[in-house]
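This is what each chain is made of:
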Amino acid sequence: MSFQPAPVEERFWAKVRKTRGCWYWIGGRAGKGYGQFMLRSYYQTYAHRVSWLLHYGDPGDKWVLHKCDNMLCVRPDHLFLGTALDNVHDCIAKGRFVAPPKKTRCKRGHVYKGYNVRMERHGKYLVQVCRICVRDSHREAWRKKYGQGLAYRTGSKVPKAKE
Ligand SMILES: [Zn+2]
Ligand SMILES: [Zn+2]
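As the structure is a prediction and not an experimental result, all values here were calculated from the model. (Residues numbered from 1 in each chain as written. Chains lettered and ligands numbered in written order. Predicted model: local features only at pLDDT ≥ 70, side-chain atom pairs only at ≥ 80, totals over all residues.)

**Some thoughts on the overall build of the protein chain**
Counting its secondary structure elements, the protein chain contains 4 helices and 8 strands. From first element to last, N terminus to C terminus, the protein chain shows the α and β order α-β-β-β-β-α-β-β-α-β-β-α. Counting across all 163 residues of the protein chain, residues that qualify as buried make up 13%. Of all intrachain contacts in the protein chain linking residues separated by at least 6 positions in sequence, the fraction that spans at least 24 positions is 36%. (Helix = DSSP H or I, 4+ residues; strand = E, 2+ residues; numbered from the N terminus. Buried ≥ 20, exposed ≤ 12 C-beta atoms within 10 Å, placed from the backbone. Contact = placed C-beta atoms within 7 Å.)

**Regarding helix H2 (residues 47-56)**
For an α-helix, 3.6 residues make a turn, and residues three or four places apart therefore share a direction. Within H2 the residues assigned to the buried category are Ala47, His48, Arg49, Val50, Ser51 and Trp52. Trailing H2 by a residue or two, Gly57 shows a phi angle of about 105°, which is positive.

**Examining helix H4 (residues 131-146)**
With 16 residues, H4 extends 22 Å between its outermost C-alpha atoms, agreeing within 8% with the 22 Å of an ideal straight helix rising 1.5 Å per residue. One or two steps after H4, the chain reaches Gly147, where phi turns positive at roughly 90°. (Expected span 1.5 Å × (residues − 1).)

**A short note on the environment of Arg108**
Along the chain, Arg108 turns up in the loop between helix H3 (84-93) and strand S7 (117-122). For Arg108, a count of 9 C-beta atoms within 10 Å puts it in the exposed group. Distance from Arg108 to Cys130, taken between C-alpha atoms, is 9.3 Å for residues 22 residues apart in sequence.

**Focus: the environment of Leu79**
Position of Leu79 among the secondary structure elements: in strand S6 (residues 79-82). With 21 C-beta atoms packed within 10 Å, Leu79 lands in the buried category. Separated by 30 residues in the primary sequence, Leu79 and Arg49 place their C-alpha atoms 9.1 Å from one another. Residues within four places of Leu79 in sequence aside, it is in contact with His48, Ser51, Trp52, Val64, Leu65, His66 and Lys67.

**Points about the nonpolar core**
Side chains that are nonpolar tend, in soluble globular proteins, to be buried together. Within the largest apolar cluster, 10 residues are counted, these being Phe12, Trp23, Trp25, Tyr34, Phe37, Tyr46, Ala47, Val50, Cys73 and Val74. Going through the elements one at a time, strand S2 (23-25) and H2 are the ones with two or more residues in this core. Excluding residues within four positions of it along the chain, Val74 makes contact with Val16, Trp23, Trp25, Gly35, Ala47, His48 and Ser51. (Core = buried A, V, L, I, M, F, W, Y, C linked by C-beta atoms within 7 Å.)

**Brief notes about unusual backbone geometry**
A positive phi angle, near 60°, is found at Asp69, a position not held by glycine. Along the chain, Asp69 falls in the loop between strand S5 (63-66) and S6.

Below you can see the structure in the form of structure tokens.
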């Protein structure tokens, strides 16, 4: 192993300001508001992940999440491991994504139910997307291109949403 822990730790803690509560990362930041740390010359990662690595070992493919909801906090006992899905739920629970009021129908009146509804992230919003409308817009584009006479062929089945 060519990994040298001491310099990494030194570099890491030089960028941390400890308070009685959270320990703040004052180094560079990644796009989403998390602290950013160059672990090795070729590997850049989130500062709170590095904190986890230094204290508990490599988090692997798990996500390192915040109990304190402070994205710049690197205090090890404020962190916990979860999955990517936990992260989404956690963000919703803590209001980091603002979920729009849940609608039961799309703009054009299709029922959001089962297969017909798909969640998509638009910036900080999670929005419901209607698959029937998506399919229709594809059909519309097809008609514009090839005219009304040709049937639109699609490989994906979109079942009718039941009332
Ligand atoms: Zn904290
Ligand atoms: Zn629709």
